[in-house]
Each structure stands twice: as C-alpha cells, then as structure tokens.
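So you can see what is in the structure, the chains are spelled out below.
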2 protein chains.
Amino acid sequence: MKDKIIETSIKLFDKKGYTATSIKDIVEKMDVTKGTFYYYFSSKQDLLRDIHLDYIENLISQQEDILRNTDKDCTEKLYGIIHMVISNIGTKRESARIFFREMRHLSEKHIEEITNKRNLFRKNYQQLIETGISLGEFKSSIPPDMLTFGILGITNWSYYWYNPEGNIDEEELARIYTDIILNGVKSIKKAGITL
Amino acid sequence: MKDKIIETSIKLFDKKGYTATSIKDIVEKMDVTKGTFYYYFSSKQDLLRDIHLDYIENLISQQEDILRNTDKDCTEKLYGIIHMVISNIGTKRESARIFFREMRHLSEKHIEEITNKRNLFRKNYQQLIETGISLGEFKSSIPPDMLTFGILGITNWSYYWYNPEGNIDEEELARIYTDIILNGVKSIKKAGITL
C-alpha cells in the first residue's frame, strides 16, 4: 500500500505539481480513506521527502556498485554511470522530475538531508574523475569539479527530452555521450593530426 | 510598472512556486492595488506566459546575432552561444528556473507557442553543428541532434549550481565547456598519440 501511495502521488505531483495536489486528490485517485494515507505518512511533506530519498539513495547505491568494481578502469566506470543514469529514465522519469522541481517544498531539515545525498552522488563522480586524472586516463588540464557538473548536466537534462521507446536505445545514447566527453567533436583533420 | 510586476513575480514564483503565489501576494509585495495588476495582465497565467516569452525570445535574439556573424567559424560561434547562455545566469537565473519548472502551468495554446520557440532555439543550435560537420570542423560521426541536447544539458544545468560571483568567471566556464566538447577529456598519451 505504501508503494502504491508513492506511485500514485508521483504521477499526480508530476502532472499538477506538489503544491496543487492535495492528500484528498491522492486518496480519491486510489479509492482509499485519508486514514490509510496517515497510517503510512504523517503529512504530504513526509511523503515528498520519501520520494526524494528513494530516488537519490537508489542512484547512489547503483553508482557505488559500479565504482567498487575492480575489473573496470575509470573510463569504463564513467560509461557505466552515464549508462546507469540514462537507463533509469525508463522507470524513474517522473520521480526525477519531482526531484529536480519540488525540493524547495521540503522543510529545511529535509532539504539539508537530501542536499547531502545529492552532494555525495556528485562527489563520488568527481572522485572518479580525479582518480582517472591521477592514473593518466583523463587530461590533467580539465577541472574535475566543472567536468562533473557538465556530465551531470548532460545526463540530468536527458530526463526532459529522451524517449527510451524512440530510435536510440539507452546503450547507444550512453555511448554517444561518453564518446563526446572522452574524445570531443572536433574533426581530427582540423586538429592538424593525420590518422 | 509592468516590468516591476514581472520582476516581483519572478522572485515570488522562484521562491514559493507559481501555484502557491497569488495575485494578492504580488500586489501586496509591491504595495499596489489589484487594479494595477489587471491593467497590465488579464490573469496570473497571462503573466506567466509573458515571463516565458521574454526569456526565450531574448535568448533567440542573442543566439541569432551570433549565428549571423560572418567573421566567425562554427567553432567560434559554438563558444559564443555557450558563453552567451552562461552569461545570462547573472541576470536571468530566476527567470530560467521558472522557465524550466513552471511551463506545465501554461494553457495548451501557450505551451505550444513557447514549445515552438524552445524548438527554434534548439534547431538553430543543431543547424550550426550540421554546418560545422559539412565544413569539416566537427566529426561526422557525432549525431547532431544528440550533441545539441548534450550541449543544452551542460549549459541549462549550470543555472542550478553556477555562481557568477564565485571563483570561475563566465568566460572561463564557457572556455572549459567548449574545450571539453571540442577536444574531450581523454588523456592524449592514453589515446596512443605522442605529441
């Protein structure tokens, strides 16, 4: 039942926005009583915090699995995380949009809790870039923090436009973006190198 | 007065969200009457549409100025647009966040109007990439539409984290991102080329 409430609310929050969606809207949509809602959540904000926490903890756990894999070099791990984030669009698009849009409606305490987890996800990414630089896989001229924000931008933005049912599948999109980040788009001929 | 209403509303919408901000909130903040508001706007939605339209038309106009410049090649124009978008963060951060978050609250007709303009901005970008490929400046192996979404992701995301008053100025951030997009981050040594 708890999962069903979360799932229904995510759809309503995505469509109408958090502020315009009432607990009454949620329980009516599910055909249950308000008592059922309050059995699982103390308030609408408590529910919003759960949605945020589920979303970011799930991402961190998948990211840390990839980072722990000792068989992969930093380049492969970078591809792995980009692919993981893009693959989540199919199942987590609505949660992600709520995550990006509605955080300011959380209480100060919960904003801090979620911000710390967002920062952990970003710092794990940055740590990977820094390790890649120290092992000679990535250029030392690139500021790791700015690169991390750039990569987050590419993949987070894809939640607004990418359709996993369309022409390009998740592996291919992840490969295209990893290729751009690693090798750039400048024509090799123009770079003065003949291969 | 109209500009003052827009400016005040942008701040309130950014802080509390469009739905939770009433016309009463806006006029009280400005210490004017509701009559003043209705002299300039027929509704709160009419005001939201104006904010969206101002934001995107201003971006398109700056973009088209850069694209028309016949003294610059596609690589320089790419830098120019990235720099222009990042430079807007200082003055347009709040408008941009409203633009990214609140579009779903517009009427269907207005959503279509704004979507057409967003698409024009994106297609102008993609046209630049395609011209760059045909002139041999960019690699032909990169899908221009996916690259365009990627670049939009990098710059749009910077509205959520970049502080123009911080350590890295707008020119430098634009240079870093243009460099990553053009040249990639893979260490040249690892790519098997000795320079």
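Keep in mind it's a predicted model, so treat the numbers as computed, not measured.

**Regarding the relation of the copies chain A and chain B**
Each copy of the chain is related to the other by a rotation around an axis and a translation along that axis.
Phase 1: Least-squares fitting of chain A to chain B yields an RMSD of 0.0 Å, with the superposition described by an axial translation of 0.0 Å and a rotation of 180 degrees. Read as a symmetry element, the transformation amounts to a two-fold axis. Across chain A, the smallest distance between a C-alpha and the rotation axis is recorded for G184 of chain A, namely 1.9 Å.
Phase 2: A high fraction, 100%, of the interface residues of chain A reappear at the interface in chain B, so the copies pair face to face through one surface.

**Observations regarding the side chain of S187 of chain A**
Phase 1: The topology assignment puts S187 of chain A in the segment after α9 (170-183).
Phase 2: In this structure S187 of chain A touches G136, E137, F138 and K139 of chain B, once residues within four positions along its chain are discounted.

**Quick word on the UniProt feature "domain: HTH tetR-type" (unreviewed entry) in chain A**
Phase 1: This chain's UniProt record puts "domain: HTH tetR-type" (unreviewed entry) on residues 1-59 of chain A.
Phase 2: Along residues 1-59 of chain A, the helical share is 78% and the strand share 0%, with 23 Å between the first and last C-alpha atoms.

**Examining the interface of chain A and chain B**
Phase 1: At the interface, 45 residues of chain A touch 45 residues of chain B.
Phase 2: Taken together, the two surfaces of chain A and chain B that pack against each other cover about 4,300 Å², and 67% of this comes from carbon and sulfur.
Phase 3: Area buried by chain A at its contact with chain B is led by R104, W157 and V185 of chain A, which between them contribute 18% of it.
Phase 4: For the side of chain A that touches chain B, the elements supplying multiple residues, two or more each, are α1 (2-16), α6 (89-101), α8 (144-161) and α9 of chain A.
Phase 5: In the side of chain A that touches chain B, the residues fall into 23 nonpolar, ten polar and twelve charged.

**Some thoughts on the packing of aromatic side chains**
Phase 1: One pass over the full model with this rule turns up 26 aromatic pairs over all chains.
Phase 2: Ring centres of F100 of chain A and Y159 of chain A lie 6.1 Å apart, and the angle between their planes is 85 degrees; this geometry places the pair in the edge-to-face category. With F100 of chain A in helix α6 and Y159 of chain A in helix α8, this pair connects stretches of sequence that are 59 residues apart. The exposure classification of F100 of chain A matches that of Y159 of chain A, with both residues buried.
Phase 3: Taking the centre distance of 6.0 Å and the plane angle of 75 degrees together, the rings of F99 of chain B and F100 of chain B count as edge-to-face.

**A closer look at the environment of I26 of chain B**
Residue and element names in this part refer to chain B.
Phase 1: Looking at the element boundaries, I26 is found in helix α2 (residues 23-30).
Phase 2: Given the relative accessible area of 0%, I26 is considered buried.
Phase 3: When the C-alpha atoms of I26 and K139 are compared, they prove to be 50 Å apart, with 113 residues separating the residues in sequence.
Phase 4: Look past the residues within four positions of I26 in its chain and what remains in contact with it is I5, T8, S9, L12, F13, T21, F37 and L47.

**Remarks on unusual backbone geometry**
Phase 1: The phi angle at D31 of chain A is positive, at roughly 60 degrees, despite the residue not being glycine.
Phase 2: Among the structural elements, D31 of chain A can be located in the loop between α2 (23-30) and α3 (34-40).

**Remarks on helix α1 (residues 2-16) of chain B**
Residues and elements named next belong to chain B.
Phase 1: Look at α1: 21 Å from first C-alpha to last across 15 residues, which is about the 21 Å you get at 1.5 Å a residue.
Phase 2: Along α1, the positions that sit buried rather than exposed are I5, I6, T8, S9, I10, L12, F13 and D14.
Phase 3: Here the buried face of α1 lies against α2, α3 (34-40), α4 (44-68) and α6 (89-101).

**A short note on the packing of helix α5 (residues 74-87) of chain A against α9 of chain A**
Two quantities define a packed helix pair, namely the angle between the axes and the distance from one axis to the other.
Residues and elements named next belong to chain A.
Phase 1: Where α5 contacts α9, the axes come no closer than 9 Å and their chain directions differ by 135 degrees. In this view, α5 runs oblique relative to α9, as classed from their interaxial angle. Seen from above, α5 lies across α9 with right-handed handedness. Counting all contacts with α5, which are made through T75, L78, Y79, I82, H83, I86 and S87, the residues of α9 involved are E170, E171, L173, A174, R175, Y177, T178, I181 and L182.
Phase 2: Of the residues assigned to the contact of α5 with α9, the class counts are nine nonpolar, four polar and three charged.

**Some remarks on the pattern of salt bridges**
Phase 1: By the definition in use, this model includes 20 salt bridges over all chains.
Phase 2: A salt bridge links R104 of chain B to E102 of chain A; its shortest N-O distance comes to 3.7 Å. Linking R104 of chain B in the loop between α6 and α7 (108-134) with E102 of chain A in the loop between α6 and α7 (108-134), this pair reaches from one chain into another.
Phase 3: A relative accessible area of 2% places E102 of chain A in the buried class.
Phase 4: In this structure, D25 of chain B and K16 of chain B form a salt bridge, with 3.0 Å as the shortest nitrogen-oxygen distance.
Phase 5: Here K16 of chain B falls in the partly exposed class, since its relative accessible area comes to 34%.

**A short note on the domain arrangement of chain A**
All names here are of chain A.
Phase 1: In terms of domain boundaries, chain A breaks down into domain 1 (1-41) and domain 2 (44-183).
Phase 2: Centre-to-centre separation of domain 1 and domain 2, based on C-alpha positions: 28 Å.
Phase 3: The partner domain 2 presents 15 residues to the 17 residues of domain 1 that form the contact.
Phase 4: Viewed at the interface, domain 2 and domain 1 are joined by four salt bridges.
Phase 5: Of the charged contacts in the structure, one is a salt bridge between D14 and R97, with a shortest N-O distance of 2.8 Å.
Phase 6: The interface formed by domain 1 and domain 2 includes eight residue pairs in polar contact (both at pLDDT 80 or more).

Each value, and the rule that gives it
- Residues numbered from 1 in each chain as written.
- Chains lettered and ligands numbered in written order.
- Predicted model: local features only at pLDDT ≥ 70, side-chain atom pairs only at ≥ 80, totals over all residues.
- Heavy atoms only, no water.
- Least-squares fit on C-alpha atoms with pLDDT ≥ 70 in both.
- Contact = heavy atoms within 4.5 Å.
- Helix = DSSP H or I, 4+ residues; strand = E, 2+ residues; numbered from the N terminus.
- UniProt positions renumbered as here; feature names shortened; annotations may be inferred.
- Buried area = accessible area lost by both parts, 1.4 Å probe.
- Nonpolar A, V, L, I, M, F, W, Y, C, P; charged D, E, K, R; others polar.
- Phe/Tyr/Trp six-rings, centres within 6.5 Å; stacked < 30°, edge-to-face > 60°.
- Buried < 20%, exposed > 50% of the residue type's maximum accessible area, 1.4 Å probe, protein only.
- Expected span 1.5 Å × (residues − 1).
- Axes fitted to C-alpha atoms, helices over the stretch in contact; angles between N-to-C directions.
- Parallel < 35°, antiparallel > 145°, perpendicular 65-115°, else oblique.
- Left-handed = near helix turned anticlockwise from the far one by under 90°.
- Salt bridge = Lys/Arg side-chain N within 4 Å of Asp/Glu carboxyl O.
- Domains from an automatic or database assignment.
- Polar contact = N/O pair within 3.5 Å; in protein donor to acceptor, adjacent residues only side chain to side chain.

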